[in-house]
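Chains, contacts and geometry: an overview
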Amino acid sequence: MSRRDVRGSATWDLVEEYFRRLHEPVMGRPHKLLEPSCSADGSRIAVTGLVYDELAGLPRQACFLVDGTDLRPLTGPSGSSRQPRFSPDGTTVAFLSDRMEAGRFQLYLLRTGQLGEAEATPAVPAGTVEYCSWSPDGTKVLLGVAGLGADLAGGQGSGTTRRPKEELPDWHPRVEIGVTEESWRSLWIHDLAAGTTTRLSPEGLNIWEAVWLGPDAVVAVTSPAPDEGAWYTAVLSRLGLDGAVTELARSEVQLGWPAASPSGGRLAVVEAVCSDRWVVAGDLLVSAPGAAFERVDTGGVDVTATQWIDADRLGILGIRGMETVAAVYDAVTGKMTELWSSTDTSCGTRYPEAAWSADGRVVLVEEGYSVSQRVVVLGEERVELAGIEHSGTEYVLSVAGKAETVTWSAPDGLRIEGILCLPAGDGPFPLVVNIHGGPVWGYRNLWSMSSPWIPLLVAQGYAVLNPNPRGSSGRGQDFARLVFGEMGGEDTADFTSALDALVERGIVDPTRVGLIGGSYGGYMSSWLVTQDQRWAAAVPVSPVTDWYSQHFTSNIPYFDALFLDGNPEVPGDKFHSRSPVAHASKARTPCLNIAGALDRCTPPTQAQEFHQALLEHGVESQLAIYPQEGHGVRAFPALIDFSTRVVDWFQKHMPARG
Ligand SMILES: CSCC[C@H](NC=O)C(=O)N[C@@H](Cc1ccccc1)C(=O)O
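Notes on the structure in this doc start here. (Residues numbered from 1 in each chain as written. Predicted model: local features only at pLDDT ≥ 70, side-chain atom pairs only at ≥ 80, totals over all residues. Heavy atoms only, no water.)

1. So, unusual backbone geometry
Here glycine 427 and proline 428 are connected by a cis peptide whose omega angle stands at 0°. Cis rather than trans, the peptide bond between glycine 438 and proline 439 has omega equal to 15°. As for its position among the elements, proline 439 is in the loop between β32 (429-435) and α3 (453-460). Its identity is not glycine, yet glutamine 83 carries a phi of approximately 55°, on the positive side. Mapped onto the elements, glutamine 83 comes out in strand β5 (residues 81-86). Residue classification places glutamine 83 among the buried positions, given a relative accessible area of 7%. (Helix = DSSP H or I, 4+ residues; strand = E, 2+ residues; numbered from the N terminus. Buried < 20%, exposed > 50% of the residue type's maximum accessible area, 1.4 Å probe, protein only.)

2. A few points about the environment of lysine 574
Within the secondary structure layout, lysine 574 lies in helix α9 (residues 574-577). Among the residues examined, lysine 574 registers a relative accessible area of 23% and is labelled partly exposed. Between the alpha carbons of lysine 574 and alanine 561 there is a distance of 9.7 Å; along the sequence they are 13 residues apart. Dropping the residues within four chain positions of it, lysine 574 is found in contact with Gly485, Trp547, Leu564, Asp565 and Ser579. Here glycine 485 takes part through its backbone oxygen, which lies 2.8 Å from a polar atom of the side chain of lysine 574. (Contact = heavy atoms within 4.5 Å. Polar contact = N/O pair within 3.5 Å; in protein donor to acceptor, adjacent residues only side chain to side chain.)

3. A short note on the pattern of salt bridges
For the structure shown, the criterion picks out 36 salt bridges. One salt bridge in this structure joins glutamate 271 and arginine 295, with 2.8 Å as the shortest N-O distance. In this pair, glutamate 271 is assigned in strand β18 (residues 267-272) and arginine 295 in strand β20 (residues 293-295), connecting sequence segments 24 residues apart. Note that arginine 295 and aspartate 283 form a salt bridge whose closest N and O atoms lie 2.9 Å from each other. Taken together, the positions of arginine 295 in strand β20 and aspartate 283 in strand β19 (residues 283-287) put the pair 12 residues apart, joining distant regions of the chain. When salt bridges with common partners are traced through the structure, they connect Asp151, Arg174, Glu176 and Arg600 into a single cluster. (Salt bridge = Lys/Arg side-chain N within 4 Å of Asp/Glu carboxyl O.)

Treat this as a map of the structure, not an account of what it does.
Right, here's the structure in full:
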């Protein structure tokens, strides 16, 4: 076996066994729940479940009805089905499925309580439906449609939506010609009575997200161009069913999560410093009928999801430091009532998400590092419904150690927080610092910290620190802004000071400290090894290592220009001075550089540049580029291969045991 091929090695077998023990007990059934939805009266709850039928590829998605403590399939095993949404009268579930053509989602309607196939609605031409929502009167469904070939955000895996197969010879070049018809995102309306699906948004207006604004209009985040970079300057617009488009609000930062009360009288939108599309946590702006938007005092909560419960009450979910908070805001009294908050558990994937019933109860999929997922309804009392608990989750819990919140001071006195996952036994432990992407995002207490290789590392004897440095969400917009124009600046010391603090507390062995991180976390892992030689090993995943070439090869050049607050054409600019490749001569840390060949957000050449720069300076380095992966490594068996290499890299350079 060559050194390049790790299949069949002892670590591969260990890692494969770990994933088998985790997933095999629920093959064919959901191992993860997301996108909770409930009928207005709260009597019916549905979720999307991720299902493996075998340990291969990505899980398929399927919709499930929550029936007490059971999950009843709403959709069959062909293709993927997701986003179940109840009609306002609760009699019909709308969902999206690609059962007719892989990767191309269309709207289906299913009468609840009736047996039989869901009804397919007319296919949206040359597009895939990304989201849907019922009109308040239940007569129509709004569809957000991406062209076949539109860019996907980094948080969606990067790459593009699936293009129709072209019959081209093998020698044919891959041709890029900038924006084309298929790059756009548009809005369509399915009319139930007429059985028709027609386009609403005009040509030349890109729609990133949209919801109904009363029965006769929608409110959308829009831009005049469809490229990912255009999202950062998108505005809030009203689109009338009569075709009129009016701008409602714009911001110096980003806008997301628009929501309107059923009559369309009140509006809410989140204004936030964002580094990624769909990764929005920030200030809540609310408008009363006929009035301008006003900023709401959320009591320190960065809002990540909203839904109008009725004409005056807005359901809110968000993060406050390490806490996840669910609350109801009364727009008449201006009062905010918290329903639930927790640091031991959270909910949602990228950020907390939930659904509200008309009586003000909130439905969410709760989970924590030591708590497997369960559907809960929170109101005056707490009701626990179906959960994902089985011998596989028991096994993970038995090896995952425990998670606790830690805080430390950066050199400038700023308090920084993180979640530390600790193995059983006494320290000092070898430590892996796991740096999050964004940079504007934040860790919260989630099952396996959302990365299955974290309990795996803990099981080998490593402590894993998940820090929320300056720039993270959950501590208000001023804290998020601290990384603006400052990437690789003051945030650098937020990680090195964590190391100092954990060593001083006797938790960590200073000779065995390593780094891992994806995306911006990949950038920071590469950057840190050029700034401090104490790191014994690093695994930058989907990194940026050269902001200059990133700008000219990535599909989000607007992001780096904005967040570096610089200009790639200027010699000595932060595009150069903050690039790890420009400092590779200072690095001594062995690096395992990982990338996905299909990544358009942080192209694989970024990992390759750093790898070559390290080799040039005599530093041990490996490069692994996964041919079928995008932004991150997600599909089996690539995930087993990746996890194997990670464990081996840390065991080689900073062994945990023996
Ligand atoms: C460093 S270049 C671009 C990296 C990217 N940020 C801006 O586009 C990034 O770090 N993305 C994160 C975003 C994310 C965070 C949490 C959950 C989902 C997505 C990433 O891909 O990890």
